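Reading the structure
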Amino acid sequence: MSLVAPKDYMALLDKAASSLKEKLAPFKDTPIVSPRVLIICGSGLGGIANVLAPEPRLEVPYGDIPGFKTSTVPGHAGKLIFGTIGENKVPVICMVGRLHFYEGYTFQETTFPVRLAKLLNVKTVVVTNAAGGVNEKFKPGDLMIIEDHINFPGLAGFHPLKGPNLEEFGPRFQPLSDAYSHELRHLFFKKASLLGVTRAIHQGTYFFAAGPTFESRAEVRMIRTLGGDAVGMSTVPEVIVARHSGMDVLALSLITNAGVGEKPPSAFEENPKPLDDGMASHDEVLESANEASKDVQKIFTATINEL
């Protein structure tokens with residue numbers, strides 16, 4: 001997968017931004033022409049779009065945006081929704097369905113929406129995902145606010161900032177020790193408490209694996225040893241590019257399944273536990289996401305209302 005030259009990539013971004021501004025022109029007297037927050041909805045979490053006010057509202061399919069790739073994963077609708085959230089009518093872009101490296105897209109393509117949001121003057125990126133629980137204390141249905149990450153593909157050279165640096169956005173060597181805003185994480189927990197949400201909410205480290213296979217038992221044990229609390233196939237490239245673009249980040253994982261890390265039964269064992277016991281599936285991911293979506297929507301509405 002070859003990289004697009006910076007000049008050509010910037011031309012694609014400018015064309016996409018111009019296209020969206022043209023579509024927003026009829027809404028020039030409304031707040032949605034100046035979005036402040038980009039919300040990226042993970043697997044099964046597209047329902048977050050339901051908290052946007054019915055008016056003003058603009059929906060744009062990915063296929064109608066120059067340079068924007070289409071989502072191919074079940075549970076990812078593939079459209080941008082411009083609208084407002086909360087009593088303060090905070091203007092947002094809701095990305096209903098994301099793009100993944102495992103779909104065959106380059107990191108330039110999967111992070112294109114984040115760069116585009118920056119050109120539309122977005123200040124904050126809110127990222128959600130469905131993730132497997134690696135921390136043995138985590139249960140399906142729990143939430144985890146991401147406080148740090150391990151970019152496993154990135155350590156092997158598959159990095160979203162690989163290639164010529166886009167000086168228009170940020171520095172060649174981007175620090176990531178402040179990737180996840182403390183202020184936003186604090187606000188999220190404060191709002192969850194005020195709302196009386198009883199669902200378990202943890203803080204932890206997200207381990208980015210390229211996918212699309214779910215992890216083997218040995219890989220779950222390795223991730224646990226390396227310090228990962230949850231594992232998923234997205235988010236980190238978008239976070240890195242958001243920070244490179246100078247935007248603040250709040251990221252949330254919905255724990256949809258418990259990673260199976262125990263060793264498989266010995267070949268000499270009689271009547272062992274079935275190998276598929278506890279095995280992850282995409283249907284399970286979507287089911288867990290649907291059950292937790294109401295709490296996620298409530299907390300995000302209250303949090304984004306302050307931005």
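Think of each chain on its own: its residues are numbered from 1, step by step along the sequence as written. Local features in this predicted model are restricted to residues whose pLDDT is 70 or higher, and side-chain atom pairs enter the listing and the counts only when it is 80 or higher, whereas totals over whole chains, interfaces and linings include all residues. Only hydrogens and water are removed before side-chain values are computed, so all heavy atoms of the structure are retained for them.

As annotated in an unreviewed UniProt entry, the protein is Purine nucleoside phosphorylase from Candidozyma pseudohaemuli. UniProt positions are given in the numbering used here, feature names are shortened, and annotations may be inferred rather than shown by experiment. Recorded in UniProt under Catalytic activity (unreviewed entry), the annotation for the protein is "a purine D-ribonucleoside + phosphate = a purine nucleobase + alpha-D-ribose 1-phosphate".

All right, on to the overall build of the protein then. Scanning the protein from terminus to terminus reveals 8 helices and 9 strands. With the C-alpha coordinates aligned to their principal axes, the bounding extent of the protein is approximately 70 × 45 × 35 Å. Buried means the residue's accessible area, taken with a 1.4 Å probe over protein chains only, is under 20% of the maximum for its type, while exposed means over 50%, and partly exposed covers the values in between. By residue count, 52% of the 307 residues in the protein fall in the buried class. Note on areas: Shrake-Rupley, 1.4 Å probe, and residue coverage restricted to the protein chains presented here. Surface summary for the protein: the accessible area is close to 14,100 Å², and the carbon and sulfur share equals 52%. Under the DSSP-based scheme used, a helix requires at least four consecutive residues in state H or I and a strand at least two consecutive residues in state E, with every element numbered from the N terminus.

What follows concerns the packing of helix α1 (residues 6–24) against helix α3 (residues 112–119). Only the contacting stretch of a helix is used when fitting its axis, a line to C-alpha atoms as for every element, and angles between N-to-C directions run 0 to 180 degrees. At a closest axis distance of 9 Å, the pairing of α1 and α3 adopts a crossing angle of 60 degrees. Relative to α3, the element α1 lies oblique. Like other packed secondary-structure pairs, α1 and α3 cross with a definite hand, here right-handed. Residues Tyr9, Leu12, Leu13, Asp14, Ala16, Ala17, Leu20 and Lys21 of α1 lie in contact with α3, whose contacting residues are Phe112, Arg115, Leu116 and Leu119. Tallied by class, the residues present in the contact of α1 with α3 amount to 9 nonpolar, no polar and 3 charged. Here the word oblique covers every angle except those under 35 degrees (roughly parallel), over 145 (roughly antiparallel) and from 65 to 115 (roughly perpendicular). Note on convention: the crossing is left-handed when the near helix lies turned anticlockwise from the far helix by less than a right angle, right-handed when the turn is clockwise. Should any heavy atoms of two residues lie within 4.5 Å, those residues are considered in contact. Under the scheme applied, nonpolar residues are Ala, Val, Leu, Ile, Met, Phe, Trp, Tyr, Cys and Pro; charged residues are Asp, Glu, Lys and Arg; polar residues are all the others, including Gly.

Right, let's get into unusual backbone geometry. The amide bond that connects Glu55 to the next residue, Pro56, takes the cis arrangement and shows omega of -10 degrees. Within the secondary structure, Pro56 is located in the loop between β1 (37–41) and β2 (58–61). A cis amide bond, omega 5 degrees, links Gly211 with the succeeding residue Pro212. Relative to the helices and strands, Pro212 is located in the loop between β7 (201–208) and α6 (217–226). Within the chain, Thr235 stands out as a residue other than glycine whose phi angle is a positive 75 degrees. Within the element layout of this structure, Thr235 appears in the loop between β8 (230–232) and α7 (236–244).

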